[in-house]
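Commentary on secondary and tertiary structure
In case you want the letters, here they are:
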Amino acid sequence: MPEARSWQVRWWQSQWQNATGRWRSATVEQRRTWRLSAVSAFVGLVVAVASVLAAGPWDNGQRKAERARAAGSPGTGGERHGGDDARSAPGAAPVLAPLGTAAVAPSPDSGDDAVPAPTQAGLADALEPLLDENGAAGALGRTGSVSVVDAATGRQVYGARADAKAVPASIIKLATGIAALSALGPDHRIKTTVVVPEGGGKGKDKDRIVLVGGGDPTLTARPAKGPDAPASLRKLADKTASALKKSGTDSVRLGYDTSLYSGPVLHPIGPNENISPVTPLMVDEGRLDDSDHGPAPRSHDPAADAAEEFATMLRDRGIAVKGEPRSVKAAKDGKDGKGVRPLATVRSQPLSALVERALTNSDNDIAEALARQTAVAAGEPASFDGAGRAVMARLNKLRLPLSGARIADGSGLDRADHVSAALLAQVLVRAADPDHPELRPVLTGLPVAGFTGTLRGRYAQDAVGRGVVRAKTGTLTGVNTLAGAVVDADGRLLVFAFMTNGTTDPQGAQRALDRMASALANCGCR
């Protein structure tokens, strides 16, 4: 090896002096860290060398044992390279299958399904002790109905009075949501529009513009930003004021049109903090506080209040509004917008988001709006009766078991609703069907046990079903229900519907239903 040149010597000396200086100026903690790093690196090198030697002997970079095994193999190559006797290694199944598919792919080593569906006997062993413990004289009351279905096959794997009709309470929203998605598609958006009567209006209608309700209860008067925000009344006022100024108009009369809906405005339960009067025009669901879900004080006339709010916004934007807003019909000759000129429009979040919100928060106002959107799509009157018929018709098109069922509203607040656990379980099967991705929001909107929506406060920290059970809740006086989906201990997706009427202990009934759902999560039940 040739001697180092003088510049190299000087460079090494300077490097050594720098290193020595850094060491002397370092704190005690830094020196300890450097020592530990050096020792760890040395130990790692020793272990690596020992592992390589132990795995030998080696020849030209290949272990001799591997070379001998390869030479003795009757095949000619590895993965998918052919050969008469080539054997491929079995692929690993996914930990969780996509919703609506078999839990695992068929395997030549395990038969048709690597994870078989649970059996009726196995599920009976898991569920019937809970039913016996809580039935009749217990927390689940006198009338119960249970259906558990394998989502991959659509086959009911356990049932207890599964076809019996009962009051479903809020789990009827599953049927409402799937009907709306089936009729309109997940990307549909509800419009709220400002129009000008053809010719600008005459007589009392001169200079009149009309705020037309399209049935969006989530239209908000609050600040709303971002692409996923609800439709904004402020944005509608911005657009309207801009369009009026461009046309040289600075003074208008304001009307509002609620003719899209017909029939009674009040829900059959009457004025209630759980639902506003059902009209196609409202802001923030007619809430009189700052809440966006749950019980709240409600407006007695949401449409008139929305129009007053809109008039105030127009004035703030330099448009004079003469007089008080009046209830009018924008299109004198029909419902199809004939005879009017659109001035400004805002659109709701996509229907998929509305369905998810209705299910997660058990939102009654959105549920009733979804039912009426289904009615409009079907050409039915947008009333309680017309919406009920439209939802039933759409469920029938999905080939769901409707015998003896009655749907009287979209929210489940009406005790006239009567459906079976078998029907609601099959609704969830359709939502999980890979051939119907448009229905998937019915599953993705389900509350997660212990974490979201109406299940946030249920399932204790150490409960088996916490974070695993996803289910829609239902509660009326004497009625407790739960319907949703769960992946069992073997990785199989099951859907279920548990319904009980005649309960006297609502908290006890909730706990009993939660324990039943947890039992599904905790067993393979074969």
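The paragraphs below set out a description of the structure included in this document. (Residues numbered from 1 in each chain as written. Predicted model: local features only at pLDDT ≥ 70, side-chain atom pairs only at ≥ 80, totals over all residues. Heavy atoms only, no water.)

**Remarks on the nonpolar core**
Counting 51 residues, the largest nonpolar core has Leu174 and Val442 as its most contacted members. Of all the elements, helix α11 (residues 421–432) adds the most residues to this core, at nine residues. Filtering out sequence-adjacent residues up to four positions away, Val442 remains in contact with Leu174, Gly177, Ile178, Leu181, Val355, Leu359, Leu428 and Ala431. (Core = buried A, V, L, I, M, F, W, Y, C linked by side-chain atoms within 4.5 Å. Buried < 20%, exposed > 50% of the residue type's maximum accessible area, 1.4 Å probe, protein only. Helix = DSSP H or I, 4+ residues; strand = E, 2+ residues; numbered from the N terminus. Contact = heavy atoms within 4.5 Å.)

**Digging into the packing of helix α5 (residues 173–184) against helix α10 (residues 384–397)**
Interaxial distance between α5 and α10 falls to 9 Å at its minimum, and their mutual angle equals 75°. The orientation of α5 with respect to α10, classified from their angle, is roughly perpendicular. Residues Ala175, Ile178, Ala179, Ser182 and Ala183 of α5 touch α10, and the partners they reach there are Val391, Arg394 and Leu395. Of the residues contributing to the contact of α5 with α10, the split by class is six nonpolar, one polar and one charged. (Axes fitted to C-alpha atoms, helices over the stretch in contact; angles between N-to-C directions. Parallel < 35°, antiparallel > 145°, perpendicular 65-115°, else oblique. Nonpolar A, V, L, I, M, F, W, Y, C, P; charged D, E, K, R; others polar.)

**What about the packing of aromatic side chains?**
The full count for this structure, using the stated rule, is one aromatic pair. Over the ring of Phe384 we find Arg372, and its NZ or CZ is 4.3 Å from the ring centre. (Phe/Tyr/Trp six-rings, centres within 6.5 Å; stacked < 30°, edge-to-face > 60°. Lys NZ or Arg CZ within 6 Å of the ring centre and 35° of its normal.)

**Describing helix α7 (residues 302–316)**
With 15 residues, α7 should reach 21 Å at 1.5 Å per residue; the first-to-last C-alpha distance of 21 Å fits that figure. Pro302, Ala303, Ala304, Ala306, Ala307, Phe310, Ala311, Met313 and Leu314 are the residues of α7 that are buried. For α7, the secondary structure elements touched by its buried residues are β6 (191–197), β7 (208–212), α6 (233–246), β8 (251–257) and β9 (320–321). With its phi angle positive at about 90°, Gly318 sits one or two positions after the end of α7. (Expected span 1.5 Å × (residues − 1).)

**Regarding a positive patch on the surface**
A cluster of basic residues, Arg189, Lys191, Lys235, Lys239 and Arg347, forms a positive patch at the surface. Given the relative accessible area of 37%, Arg189 is considered partly exposed. (Patch = residues over 30% accessible without salt bridge, like charges linked within 9 Å, V, L, I, M, F, W, Y side chains within 5 Å. Areas by Shrake-Rupley, 256 points an atom, 1.4 Å probe, with all protein chains shown as cover. Salt bridge = Lys/Arg side-chain N within 4 Å of Asp/Glu carboxyl O. Lys, Arg positive; Asp, Glu negative; His and termini not counted. Charge placed at Lys NZ, Arg CZ, Asp CG, Glu CD.)

**Section: unusual backbone geometry**
At Arg399, a residue that is not glycine, the phi angle is positive and equals roughly 60°. Here Arg399 is to be found in the loop between α10 and β12 (419–420). In this structure Arg399 comes out as exposed when scored by relative accessible area, which is 72%. The phi dihedral of Tyr459 falls on the positive side, at around 70°, and the residue is not glycine. Within the element layout of this structure, Tyr459 appears in the loop between α12 (441–444) and β13 (470–476).

**Quick notes on α6**
Quick reminder: α-helices carry 3.6 residues per turn. Residues three or four places apart thus point the same way. Here α6 is 14 residues long and its end C-alpha atoms lie 20 Å apart, about the 20 Å a rise of 1.5 Å per residue gives. Among the residues of α6, Leu233, Leu236, Ala237, Thr240, Ala241 and Leu244 are the ones counted as buried. Looking straight down α6, one finds that the buried residues subtend no more than 130° of arc, so they occupy a single side. Buried-residue contacts for α6 involve β6, β7, β8, α7 and β11 (340–347). Where α6 begins, the side chain of Ser232 points an oxygen toward the backbone nitrogen of Arg234, at a separation of 3.2 Å. Once α6 finishes, Gly248 follows within two positions and takes phi at roughly 85°, a positive value. (Arc of directions from axis to C-beta. Polar contact = N/O pair within 3.5 Å; in protein donor to acceptor, adjacent residues only side chain to side chain.)

**Concerning the packing of α5 against helix α8 (residues 351–360)**
Any two packed helices are characterised by the angle at which their axes cross and by the distance between the axes. Look at α5 against α8: their axes get within 10 Å of each other, and the N-to-C directions meet at 180°. Judged on the interaxial angle alone, α8 and α5 are roughly antiparallel. Taken together, the residues of α8 that come into contact with α5 (itself represented by Lys173, Leu174, Gly177, Ala180, Leu181 and Leu184) are Leu351, Ser352, Val355, Ala358 and Leu359. Tallied by class, residues from the contact of α5 with α8 come to eight nonpolar, two polar and one charged.

**Focus on the pattern of salt bridges**
Overall, the coordinates contain 10 salt bridges when judged by the stated rule. Residues Glu285 and Arg357 are paired through a salt bridge, measuring 3.8 Å at the closest nitrogen-oxygen approach. Taken together, the residues Glu285 in the loop between β8 and α7 and Arg357 in helix α8 connect sequence positions 72 residues apart. Several salt bridges converge on common partners, so that one network encompasses Glu285, Arg287 and Arg357.

**Remarks on the pairing of β13**
Counting buried positions along β13 gives five out of seven residues, so the element sits mostly inside the fold. Two elements, β13 and strand β14 (residues 479–487), share seven bridges in a ladder whose sense is antiparallel. Looking at β14, one finds that Ala471 is bridged to Gly484. Turn length for the β13-β14 hairpin, with the two strands adjacent in sequence and antiparallel, is two residues, and the turn residue Gly478 shows positive phi of about 80°. (Pairing = 2+ DSSP bridges.)

**Focus: the pairing of β14**
Within β14, eight of the nine residues are buried, which leaves the element mostly enclosed by the surrounding structure. When β14 meets strand β15 (residues 493–501), the two strands line up antiparallel, connected through nine bridges. Bridged to Val486 within β15 is Leu494. Connecting the antiparallel pair β14 and β15 is a turn made up of five residues, with Gly491 showing a positive phi of about 90°.

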